[in-house]
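# Residue-level structural notes
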Amino acid sequence: VQLVESGGGLVRARGSLKLSCAASGSIFRINDMGWYRQAPGKQRELVAQITSGGSTNYADSVKGRFTISRDNGKNTVDLQMISLKPADTAVYSCNAFIQVNRTSEFAYWGQGTQVTVSS
């Protein structure tokens, strides 16, 4: 199983970016999916999570600006980011809890994608 992210880059403050993550491999079921970020010198933090049923959870710092969504048929999760701030600059990583069979679930991570917001 692997997660592959796309969509990072450089954007000006108040701009927008969309991150995408696709899971592939021997997948029985994907449960929670999410996006995390890590800025230089800081700990990794949760940005947004979404359950298989579509319930979402956001970090307070991104509420109202970021939207997480998923396509269960395509095994993808997206993060739409608007009104970006320099403080959003970080490496963003996709995370998913994936069952490879009925009884075994593992946490998988993407390789990370850089988001840089200039002032």
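It should be noted that the structure appears before, not after, this text.
The structure contained in this document is the topic of the report that follows. (Residues numbered from 1 in each chain as written. Predicted model: local features only at pLDDT ≥ 70, side-chain atom pairs only at ≥ 80, totals over all residues. Heavy atoms only, no water.)

Attention now moves to the overall build of the chain. The secondary structure content of the chain amounts to 0 helices and 11 strands. In the chain, the succession of α and β elements from N to C terminus is β-β-β-β-β-β-β-β-β-β-β. By the compact-globule yardstick of 14 Å for 119 residues, the chain fits well, its C-alpha radius of gyration being 14 Å. Put simply, the chain has 119 residues, and 41% of those count as buried. (Helix = DSSP H or I, 4+ residues; strand = E, 2+ residues; numbered from the N terminus. Rg over C-alpha atoms; globule rule 2.2 N^0.38 Å. Buried < 20%, exposed > 50% of the residue type's maximum accessible area, 1.4 Å probe, protein only.)

This brings us to the packing of aromatic side chains. A complete count under the given rule lists 2 aromatic pairs for this structure. With a centroid separation of 6.5 Å and an interplanar angle of 75 degrees, the aromatic rings of Phe106 and Tyr108 are classed as edge-to-face. For the cation-ring pair, Arg44 lies above Tyr36, with the distance from its terminal atom to the ring centre recorded as 6.0 Å. Above the face of the Trp109 ring, Arg44 is positioned so that its terminal group lies 3.9 Å from the ring centre. (Phe/Tyr/Trp six-rings, centres within 6.5 Å; stacked < 30°, edge-to-face > 60°. Lys NZ or Arg CZ within 6 Å of the ring centre and 35° of its normal.)

With that out of the way, let us pick up the pattern of salt bridges. Taken as a whole and assessed by the stated rule, the structure comprises 5 salt bridges. Across the pair Lys18 and Asp78 runs a salt bridge, and its minimum N-O distance is 3.7 Å. Of this pair, Lys18 sits in strand S3 (residues 17-24) while Asp78 sits in strand S8 (residues 76-81), placing them 60 residues apart in sequence. Using a relative accessible area of 17% as the deciding quantity, one classes Asp78 as buried. In this structure, Arg37 and Glu45 form a salt bridge, with 2.7 Å as the shortest nitrogen-oxygen distance. The class of Arg37 is buried, set by a relative accessible area of 6%. Residue classification places Glu45 among the partly exposed residues on the basis of a relative accessible area of 34%. (Salt bridge = Lys/Arg side-chain N within 4 Å of Asp/Glu carboxyl O.)

This part is about the sheet that holds S8. Reading across from one edge, S1-S3-S8-S7 is the order of the 4 strands in this open sheet, with antiparallel pairing throughout. Two strands close off the open sheet at either side, each with one partner strand: strand S1 (2-6) and strand S7 (66-71). The mean angle between the axes of side-by-side strands here comes to 15 degrees, regardless of whether they run parallel or antiparallel. Judged from the 6 bridges that link them, S3 and S8 form a sheet pairing that is antiparallel. Paired with Lys18 across the bridge in S8 is Gln80. (Pairing = 2+ DSSP bridges. Axes fitted to C-alpha atoms, helices over the stretch in contact; angles between N-to-C directions.)

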